[in-house]
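Residue strings, one per chain:
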Amino acid sequence: MSDNPARVVVVGGGLAGLAAALEAVDRGATVTLLERRPRLGGATWSFRRRGIWFDNGQHVFLRCCTAYRTFLKRIGAADRLFLQRRLDIPVLRPDGPTGAIRRTSGPAPLHLAPALLTYPHLGIRQRLGVLRAGWALRRLDPDDPALDDVAFGDWLSDHGQDAAAIETLWNLVVLPTVNVAAAEASLKLAAKVFVTGLLTDAPAADVGWSRVPLAALHGDAARRALETAGAVVRTRAGVTGVRTNSSDGLIVQIEGESVATDSVVAAVPHDAVGPLLPPGSLPDQDRLGDLGVSPIINVHLVYERPVTNLPMFAAVESDVEYVFDRTEAAGLDDGRQCLALSLSAADSYLGWSAADLIAHFSGELARLVPAAARATLTESIVTREPTATFNGVPGTHRLRAGAECAIPGVYLAGAWCDTGWPATMEGAVRSGTRAGRLAARFAAAAPSRSPTALRSAAGMQA
């Protein structure tokens, strides 16, 4: 082992921080991960209540989320997933027929045409209009920054989409992926979702989710992988600042102590990174708050018996958005069924009490699934993430930082960073992997302290 091992400190134990730490340790760095909370996993966590496991919210991925799926393989958790063989999202309506967003085995974008042409929640002219708008959307370049100046709703209106089409189809895709309603979302983010996920490669949008509690899938498995690889993982370690020192190294300040290192990955939310770094570290450091936040609320309902045989479904003409069967992940094997109702961009529900949310959404579910009206609730709980994602509206792209900042050796990671993706698990992992790679390269060159090596390491790109 070298007398001067490359040292990397990762601040933050969410998906971005975990991915960064794994990438750095796999590249030979000596890694310390610091997380202020008592657990890892960031915005994906679980808790046990009366013998039942609940996640803080329903998190899904798509087949095109290659970085996230690779991350799960690295931590030995890929066998704990369910992934649809083909995209199939039933769409229920109270007292109405069931439609579906479903693909065939044909090539994109024709793989969606049969489902759209028979979609019962729209008239035939609206369905044909959706096909035309989808063809136009497919020609957009998600990397074009000019798209971020346009609201997706305005683009849809310009392409003949009425309110019914937006609410009963376009919103079913944009709302859960961007965490903003289609009418208000950035066209750039919406184009990324549709072009990458739905309109270019037929299998890309097949939906997957965890078969176990998220804490087991992410935080627990990643901790084992990191510690097996020799990394140090510390929870309850609140970092208060990152500073340079007189010998050209870096100092990470923790409550009551400091850690010297060669490189740092700051994998923290956008509203926390500004105070962590010295002023002037980022071009828009004082404007990161303008990224805003968008909340997610989940209503978890446990019934005394199964009320639906659908593993997941969406809803229209109802306040219910998406419902997932979480019975297996909850650890239930006594005949009860656990359903999680996920509410994206849930600003209007933040002021509701848990009791009111449970009463309202159990009633809404009964309108969609009549068996729920005849079954008894044995457990119910509400989880809230008021700052789940940044607010993906027009104008936010320019505020999303790249991996590098003005301090050599300090790199940024997080779903809010500029990955081209919305604030998703895929974006978080992509950002973390890139930052971890750059941090390991910089740290490997830093012990020589030669100006040439430092300039070279600071300028390396992934």
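Definitions and limits used
Residues numbered from 1 in each chain as written. Predicted model: local features only at pLDDT ≥ 70, side-chain atom pairs only at ≥ 80, totals over all residues. Heavy atoms only, no water. Helix = DSSP H or I, 4+ residues; strand = E, 2+ residues; numbered from the N terminus. Expected span 1.5 Å × (residues − 1). Bend = angle between axes of the 7 residues up to and from the residue. Buried < 20%, exposed > 50% of the residue type's maximum accessible area, 1.4 Å probe, protein only. Pairing = 2+ DSSP bridges. Axes fitted to C-alpha atoms, helices over the stretch in contact; angles between N-to-C directions. Phe/Tyr/Trp six-rings, centres within 6.5 Å; stacked < 30°, edge-to-face > 60°. Patch = residues over 30% accessible without salt bridge, like charges linked within 9 Å, V, L, I, M, F, W, Y side chains within 5 Å. Areas by Shrake-Rupley, 256 points an atom, 1.4 Å probe, with all protein chains shown as cover. Salt bridge = Lys/Arg side-chain N within 4 Å of Asp/Glu carboxyl O. Contact = heavy atoms within 4.5 Å. Core = buried A, V, L, I, M, F, W, Y, C linked by side-chain atoms within 4.5 Å. 1 Å grid on protein atoms, 1.4 Å probe; cavity = no way out; pocket = protein on both sides within 12 Å on 5 of 7 lines; lining within 4 Å. Points joined across faces, edges and corners; volume = space filled by probe spheres on them. Nonpolar A, V, L, I, M, F, W, Y, C, P; charged D, E, K, R; others polar. Polar contact = N/O pair within 3.5 Å; in protein donor to acceptor, adjacent residues only side chain to side chain. Right-handed = clockwise from strand over helix to strand, strands pointing away.

Asks: So, helix H8 (residues 214-228): which residues are in play, and what are the values?
Replies: Structurally, the α-helix is built with 3.6 residues per turn, so residues lying three or four positions apart point the same way. A rise of 1.5 Å per residue sets the reference length of H8, with its 15 residues, at 21 Å; its end C-alpha atoms lie 20 Å apart and thus fit the reference within 8%. The largest bend in H8 comes to about 25°, at Asp-220. Along H8, the positions that sit buried rather than exposed are Leu-214, Ala-215, Ala-216, Leu-217, His-218, Gly-219, Ala-221, Ala-222, Ala-225 and Leu-226. In the stretch just after H8, Gly-230 is the one whose phi turns positive, near 100°.

Asks: Go over the sheet that holds strand S13 (residues 257-261) with me, naming the residues and quoting the values.
Replies: Across the sheet, which stays open at both edges, the 3 strands sit in the order S11-S12-S13 with antiparallel pairing between neighbours. Every other strand in the sheet has two partners, leaving strand S11 (239-244) and S13 as the edge strands with one partner each. Put simply, the sheet's adjacent strands are angled 20° from each other on average, direction ignored. Relative to S13, strand S12 (residues 250-254) runs antiparallel, the two being bridged by 5 bridges. Bridging across to S13, Ile-254 finds its partner in Glu-257.

Asks: Describe the packing of aromatic side chains, and please don't skip the residues or the numbers.
Replies: As enumerated under the stated definition, the model contains 13 aromatic pairs in all. Their ring planes at 75° and their centres at 5.8 Å tell us that Trp-209 and Phe-324 sit as a pair that is edge-to-face. Here the residue Trp-209 occupies a position in strand S9 (residues 207-210), and Phe-324 occupies one in strand S17 (residues 322-325), the gap between them amounting to 115 residues. Here Trp-209 and Phe-324 have matching classes, each one buried. In this structure an aromatic cluster arises from ring pairing among Phe-82, Trp-209, Tyr-322 and Phe-324.

Asks: Would you mind going over a nonpolar patch on the surface in detail, with residue names and values included?
Replies: Taken together, the side chains of Leu-117, Ile-124 and Leu-128 present a nonpolar region at the surface, about 240 Å² in accessible area. With respect to the helices and strands, the residue Leu-117 is situated in helix H3 (residues 113-117).

Asks: So, the environment of Gly-14: which residues are in play, and what are the values?
Replies: When you line up the elements, Gly-14 lands in the loop between strand S1 (7-11) and helix H1 (15-26). You can call Gly-14 buried: its relative accessible area is 13%. Distance from Gly-14 to Asp-144, taken between C-alpha atoms, is 29 Å for residues 130 residues apart in sequence. Beyond its immediate stretch of four places on either side in the chain, Gly-14 contacts Glu-35, Gly-41 and Gly-42.

Asks: Lay out the pattern of salt bridges with the relevant residues and their values.
Replies: Inspection of the entire model under this criterion finds 21 salt bridges. A salt bridge links Glu-23 to Arg-27, with the shortest nitrogen-to-oxygen separation between them at 2.7 Å. Given the relative accessible area of 42%, Arg-27 is considered partly exposed. Notably, a salt bridge pairs Asp-88 with Arg-102, separated by 3.2 Å at the nearest N-O pair.

Asks: Tell me what's going on with the nonpolar core, and back it up with residues and numbers.
Replies: With 73 residues, the main nonpolar core has Phe-152 and Trp-170 as its most contacted residues. When near neighbours in sequence (up to four residues on either side) are disregarded, Trp-170 contacts Val-130, Ala-133, Gly-134, Leu-137, Phe-152, Leu-156, Gln-161, Ala-165 and Phe-194. With 53 residues, the next largest nonpolar core counts Val-25, Val-31, Cys-65 and Ala-77 among its residues.

Asks: Outline helix H4 (residues 124-138), supporting the account with residue identities and numerical values.
Replies: Taking 1.5 Å of rise per residue, the 15 residues of H4 would be expected to cover 21 Å, and the 21 Å separating its terminal C-alpha atoms lies within 8% of that figure. Looking only at H4, the buried set comprises Arg-127, Gly-129, Val-130, Ala-133, Gly-134, Ala-136 and Leu-137. Those residues of H4 that are buried lie in contact with H3, helix H5 (152-158), helix H6 (163-178) and helix H7 (187-199).

Asks: Give me empty space enclosed by the protein: which residues, what numbers.
Replies: Following the criterion strictly, the structure yields 2 cavities of 30 Å³ or more and no others. Taken as a whole, the largest cavity spans an internal volume of roughly 80 Å³. In this structure, the largest cavity is lined by Trp-53, Phe-54, Asp-55, Gly-57, Gln-58, His-300, Arg-326, Ala-329, Ala-330, Cys-338 and Ala-340. For the lining of the largest cavity, the secondary-structure elements that each account for two or more residues are strand S4 (52-55), helix H10 (327-330) and strand S18 (337-344). Ranked by residues supplied to the lining of the largest cavity, first place goes to S4 with 3 residues. Here the lining of the largest cavity is built from residues that sort into 6 nonpolar, 3 polar and 2 charged.

Asks: For the sheet that holds strand S8 (residues 99-102), give the residues involved together with the corresponding values.
Replies: Pairing within the open sheet is mixed, and its 7 strands lie in the order S8-S7-S16-S17-S18-S15-S19. Among the strands making up the open sheet, the edge pair consists of S8 and strand S19 (377-389). Across the sheet, the mean angle from the axis of one strand to that of its neighbour is 25°, orientation sign disregarded. Examined bridge by bridge, strand S7 (residues 88-92) and S8 share 4 bridges and lie antiparallel to one another. Its bridge partner lying in S8, Asp-88 is registered against Arg-102. Most of the contacts of H6 go to S8, to which it runs at about 55°, and overall it touches S7, S8, strand S16 (312-315), S17, S18 and S19.

Asks: Please set out the side chain of Thr-389 residue by residue, giving values where relevant.
Replies: Within the secondary structure layout, Thr-389 lies in strand S19. Within the structure, the side chain of Thr-389 is placed 3.0 Å from the side chain of Asn-179, a separation counted as a polar contact.

Asks: Describe the pairing of strand S2 (residues 30-34), naming the residues involved and giving the relevant values.
Replies: For S2, a buried count of 4 out of 5 residues is recorded, marking the element as mostly surrounded by other parts of the structure. For the handedness criterion, the β-α-β arrangement of S1, H1 and S2 is classed as right-handed. Sheet analysis places S2 next to strand S10 (residues 232-234), joined by 3 bridges and oriented parallel. Looking at S10, one finds that Leu-34 is bridged to Arg-234.

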